[in-house]
Amino acid sequence: MNKIQFLRTTKRFLLQVVAHRQQLLDHRSGKPATETMIEIMALINYWVPQMDSFDRISAYIQRTKIQDGVRELIPKNKERWQTKFSSLLAEAKRLQQPATQKKMSYAFN
């Protein structure tokens, strides 16, 4: 996955999680809304659509407050979403590492 794909995938995933939790709250199912849950949903709805670079989105999802909030938003029965979020965090760390000469050498041969 390259940085542009990561940006699009992460934005789509975060907005999907917020929309799903909002739908659960509207139907009064799932766990009840907490103050932190509503705050995280508002932060994601406000900031994520404005993110236009890989560096900003990766720094945003690596903040501890956002990580904990997203994990709280994801329903317990959506284990795939938990693993997807964990893989997005790992991918962000991988993509932030500077490319070394050894890593770059295969691309030019």
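To be clear, the structure that these remarks concern was listed above.
Residues numbered from 1 in each chain as written. Predicted model: local features only at pLDDT ≥ 70, side-chain atom pairs only at ≥ 80, totals over all residues. Heavy atoms only, no water.

Between helix α2 (residues 35–47) and helix α4 (residues 64–73), the least distance of the axes is 9 Å, while the angle of their chain directions is 110°. In terms of orientation, α2 and α4 fall into the roughly perpendicular class. Of the residues in α4, those touching α2 at T36, M37, E39, I40, M41, L43 and I44 are K65, I66, G69, V70, E72 and L73. The class makeup of the residues in the contact of α2 with α4 is 8 nonpolar, 2 polar and 3 charged. (Axes fitted to C-alpha atoms, helices over the stretch in contact; angles between N-to-C directions. Helix = DSSP H or I, 4+ residues; strand = E, 2+ residues; numbered from the N terminus. Parallel < 35°, antiparallel > 145°, perpendicular 65-115°, else oblique. Contact = heavy atoms within 4.5 Å. Nonpolar A, V, L, I, M, F, W, Y, C, P; charged D, E, K, R; others polar.)

Turning our attention to the pattern of salt bridges. Counted according to the given criterion, the structure contains 3 salt bridges. Residue R56 pairs with D52 through a salt bridge whose shortest N-O separation is 3.4 Å. Of the residues examined, R56 reaches a relative accessible area of 38% and is grouped as partly exposed. Among the salt bridges present, the one from R94 reaches E91, with a minimum N-O distance of 2.6 Å. One end of the pair, R94, and the other, E91, are both in helix α5 (residues 79–96), 3 residues apart, so they sit about a helical turn from each other. Take E91: its relative accessible area is 17%, and that puts it in the buried class. (Salt bridge = Lys/Arg side-chain N within 4 Å of Asp/Glu carboxyl O. Buried < 20%, exposed > 50% of the residue type's maximum accessible area, 1.4 Å probe, protein only.)

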